[in-house]
Each structure stands twice: as C-alpha cells, then as structure tokens.
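Close look at the chain arrangement
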Amino acid sequence: MNRTKQLTVAELAMGELVVAGRLVDASNATLFCELELPDGSDEVRKVVYKPISGERPLWDFPDGNLAGREVAAYLLSDFAGFNLVPSTTMRDGPFGPGAVQEWVNIDPEVDVIAFTQSEAPSLRVMALFDFIINNTDRKFGHVLVDYEGALFGCDHGVSFHREFKLRTVIWQFAGLELNSAELGQIEKLLVEFTTLEKMVSPYINSEEITALRLRLESLREEPRFPYPNPNWPAIPWPPV
Ligand SMILES: Nc1ncnc2c1ncn2[C@@H]1O[C@H](COP(=O)(O)OP(=O)(O)OP(=O)(O)O)[C@@H](O)[C@H]1O
Ligand SMILES: [Mg+2]
C-alpha cells in the first residue's frame, strides 16, 4: 500500500496509540501500533512505539535513553534536509513515555541487500547521515525503501556516542570526496549549530553535542566519507 501523506510530528503527538502487536525480533520492547487521530478519518495510521520502560540497559550508552536518541536522529535528519528518518517524536503511550515513529510501508519487491550495496545517491546521503549521528547499528534491516522508492532509515537508538563508533553495512563510499550539495549541508549544520543544539539537547548530553560538532568540523576540514575505524567492528552483527 502506498503512503498517502507523511504524518507530521504534531499528528504523531496527538491521538490515541493502540497497540496492535510486538515486533518479535526486536531486542527492546518495540510495539507496532495504530494511531487514532481525532479527525474523524478511518484511515489507519501505522506507527512504531518504543517505550523507555521497555529498554534494556546498554553498557556503552549509559546516559539518556534510546528513545531520545531516535528523536534526536529524526530532528537532525529533518533540520539538515536529509529526510531519511520517518517522522518521530517523544510522547506518552500505554507503557509510558517513548519514541513514536511513523511506519514505512516497505516495497517487498526491492532487494534491500543488493540496494544497500549499490551506489544509489540516496545511500550516499544515508552514509553521510550515519557518520554525522555516529550510528552504531546501520544493518540491512534498518534500511527501508517504500513503494515510491524513497529511502528511510530506522532504529537510531544507539547513535550519537561521543567516541567514533560508526558501524554500518554502507562502506562503498569510503574515501570519496563530498560533493557540493553534501558540503552545503555540513556548512548549514555548522552555521546553524546553535539551533540544532537547542533541538537535540533534551535528548543527548553536552559531551555528545560537542562530539557531534567535532564530527561536522572534521568533515569540513577533510571532506571525504570516512573509512572504518580499525579498532572498532565496522559492521553491525548480525548485519541483517
Ligand atoms: N518506522 C518503521 N517503519 C517500518 N519498519 C520499521 C520501522 N521501525 C522499525 N521497523 C521494522 O521493525 C524492525 C525492528 O525495529 P527496530 O530495529 O527499530 O527495533 P529494535 O528493538 O531496536 O530492534 P533490534 O535491537 O533488534 O535492532 C526493523 O528492523 C524494521 O524491519
Ligand atoms: Mg533493530
């Protein structure tokens, strides 16, 4: 089914969340829900709800919570114009506060493993985004292609660590120079960093915000896609 129109953050924040199921292969409580909006429409709005109360503690992400990092990733993607993360917000739900994200109807005809290893321009954007947010978990299952061919990413709860921990299945651009559009996006994020900082500061700590700025500055100084860190597993496990 095609998406009719993307839900706004304001819409995600209102309406009733009705739990329809649990995503069984997820490691945290990740609930598939329907969002009932008070607009009289009987259109089914599908969302993912990740209550903070259902998170397993992680040794390497002791501060904040995964749901907040999901929201910070959305805010950065939206602010930079990457448009890679489906609308996401923090709100209350049947199991307490959590991240609520619009569900992407993926096109089952797309071979996501082949696509993710391709040189598609949208994947370059994702590779850049993942470096900026320091994503530690870009596996094939977190790459979503919808019926219109639009690319989205999900599961950004383990991002924004202050140490370089990029773990991804998208390494085909390593070493390539950033193009002028990409450089423009980096420049915008740096010039408007104070605004970005205000947006994400409820969700990530000050050291992580400093590290975010340093990653952006490093891209301005050395405008290339990064290579894997030899001291850190470069690919998430399992990669699917
Ligand atoms: N917004 C979304 N739209 C479509 N599918 C999604 C969305 N969010 C999650 N999914 C699907 O649900 C799966 C599980 O969600 P997610 O990876 O976010 O949960 P998780 O609890 O962090 O799981 P894990 O730790 O096992 O990766 C994803 O791999 C993806 O297939
Ligand atoms: Mg996942």
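Below or above, wherever it landed, is the structure these notes cover. What you see is a predicted model, and the numbers here were worked out from it, not measured in a lab.

Thoughts on the overall build of the protein
Counting secondary structure elements, the protein contains seven helices and seven strands. For the protein, the sequential pattern of α-helices and β-strands runs α-β-β-β-α-β-β-α-α-β-β-α-α-α. Compactness check: the protein gives a C-alpha radius of gyration of 17 Å against a globular reference of 18 Å for 240 residues, within 12% of the reference. Taking the principal axes of its C-alpha atoms as reference, the protein extends roughly 50 × 40 × 35 Å. Put simply, the protein has 240 residues, and 35% of those count as buried. Once local pairs closer than 6 in sequence are excluded, the contacts in the protein between residues at least 24 apart make up 71%.

What to know about the packing of helix α5 (residues 180-191) against helix α7 (residues 206-221)
In the contact formed by α5 and α7, the axes pass within 10 Å of each other and the chain directions differ by 140°. In terms of their interaxial angle, α5 and α7 are classed as oblique. Along this stretch, α5 crosses α7, giving a crossing that reads as left-handed. In this structure, α5 uses Ile186, Leu189 and Leu190 to contact α7, whose residues at the interface are Leu216, Glu217, Leu219 and Arg220. When the residues that make up the contact of α5 with α7 are grouped by side-chain class, the tally is five nonpolar, no polar and two charged.

Side note on the nonpolar core
With 51 residues, the main nonpolar core has Ala72, Leu76, Leu84 and Phe129 as its most contacted residues. If sequence neighbours within four positions are ignored, Phe129 has contacts with Ser77, Phe82 and Leu84.

Points about the packing of helix α2 (residues 66-80) against helix α6 (residues 193-200)
Packed helix pairs are specified by the crossing angle of their axes together with the interaxial distance, meaning the distance between the axes. Taken N-terminus to C-terminus, the directions of α2 and α6 make an angle of 155°; their axes are 9 Å apart at the nearest point. It follows that α2 is roughly antiparallel to α6 by the angle criterion. As for how α2 packs across α6, the hand of that crossing is right-handed. Residue-level inspection shows Ala72, Leu75, Leu76 and Phe79 of α2 in contact with α6, the latter providing Leu196, Met199 and Val200.

Considerations on α7
An ideal rise of 1.5 Å per residue puts 22 Å on 16 residues; α7 measures up with 22 Å between its terminal C-alpha atoms. When α7 is considered as a whole, its buried residues turn out to be Glu208, Leu212, Arg215, Leu216 and Leu219. Taken down its axis, α7 places every buried residue within 95° of arc, on the same side. What points out from α7, more than 90 degrees from its buried face, is the exposed set Ser206, Thr210, Leu214 and Glu221.

With respect to the environment of Leu183
In this fold, Leu183 is placed in helix α5. Between the C-alpha atom of Leu183 and that of Phe32, which follows or precedes it by 151 residues, the distance is 37 Å. Apart from the residues within four sequence positions on either side, Leu183 is in contact with Leu178 and Pro223.

Brief notes about the sheet that holds strand β5 (residues 98-102)
Reading across the sheet, the five strands line up as β1-β2-β3-β5-β4 and stay open at both edges, with antiparallel pairing between neighbours. Only two strands of the sheet have a single partner each, and these edge strands are β1 (16-22) and β4 (88-91). Between one strand and the next, the sheet's axes are offset by a mean angle of 35°, whatever the strand orientation. Here five bridges tie strand β3 (residues 45-51) to β5, and the two strands are oriented antiparallel to one another.

Cut-offs used in this document
Residues numbered from 1 in each chain as written. Chains lettered and ligands numbered in written order. Predicted model: local features only at pLDDT ≥ 70, side-chain atom pairs only at ≥ 80, totals over all residues. Helix = DSSP H or I, 4+ residues; strand = E, 2+ residues; numbered from the N terminus. Rg over C-alpha atoms; globule rule 2.2 N^0.38 Å. Buried ≥ 20, exposed ≤ 12 C-beta atoms within 10 Å, placed from the backbone. Contact = placed C-beta atoms within 7 Å. Axes fitted to C-alpha atoms, helices over the stretch in contact; angles between N-to-C directions. Parallel < 35°, antiparallel > 145°, perpendicular 65-115°, else oblique. Left-handed = near helix turned anticlockwise from the far one by under 90°. Nonpolar A, V, L, I, M, F, W, Y, C, P; charged D, E, K, R; others polar. Core = buried A, V, L, I, M, F, W, Y, C linked by C-beta atoms within 7 Å. Expected span 1.5 Å × (residues − 1). Arc of directions from axis to C-beta. Pairing = 2+ DSSP bridges.

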